Amino acid sequence: MSRRELARSAEYIVQHEYEQASVKAADGRLASLGEFYGDPAVALIDINEQWCAVAGEGLVLCRLEQAFGQCAGYFRQSGETAWITDLRQTGPFALEWQGEDGAWSVLDFEPADVSDYTPGR
């Protein structure tokens, strides 16, 4: 089995192996970002390396520096699933995501929002 890279920065790599996504730190730490229905489509790493996002079937945000591996899930609940095809960072704790219909939507969050999620479906 091989891992496929979705995003890379100086200190982190967001990757997936089939439907399972993870983030790996340069010091060897590894955190699960959860399972996706279908392979994850896209990821990004915050320009300041404080968080990362991985998306496809919904979106998962994960802390990188402090509290490495704490995650939050968005748009993944039954009946509210968004199929995300692209991501772009718009601020320190903000991003835009593109749905399968081509429309862009905004997600602003606080660092504290990324803490109470158990990765999975």
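Residues numbered from 1 in each chain as written. Predicted model: local features only at pLDDT ≥ 70, side-chain atom pairs only at ≥ 80, totals over all residues. Heavy atoms only, no water.

1. With respect to the packing of aromatic side chains
Step number 1: Tallied over the entire structure, the rule returns six aromatic pairs.
Step number 2: Ring geometry for Phe93 versus Phe109: centroids 6.0 Å apart, planes at 85°, classification edge-to-face. Of the two residues, Phe93 sits in the loop between β9 (84-91) and β10 (94-99) while Phe109 sits in the segment after β11 (104-108), which places them 16 residues apart along the sequence.
Step number 3: Judged by its relative accessible area of 24%, Phe93 is partly exposed. (Phe/Tyr/Trp six-rings, centres within 6.5 Å; stacked < 30°, edge-to-face > 60°. Helix = DSSP H or I, 4+ residues; strand = E, 2+ residues; numbered from the N terminus. Buried < 20%, exposed > 50% of the residue type's maximum accessible area, 1.4 Å probe, protein only.)

2. Considerations on the sheet that holds strand β5 (residues 42-45)
Step number 1: With respect to topology, four strands assemble into an open sheet ordered β5-β6-β7-β8, the strand pairing being antiparallel. In the strand order of this sheet, the two ends are held by β5 and β8 (71-74), each with one partner. Strand-to-strand twist of the sheet, defined as the mean angle between neighbouring strand axes without regard to direction, takes the value 15°.
Step number 2: Two elements, strand β7 (residues 58-63) and β8, share four bridges in a ladder whose sense is antiparallel. Note on β8: the bridge partner recorded for Cys62 is Cys71. (Pairing = 2+ DSSP bridges. Axes fitted to C-alpha atoms, helices over the stretch in contact; angles between N-to-C directions.)

So far we have only geometry, and geometry alone does not tell us how the molecule works.
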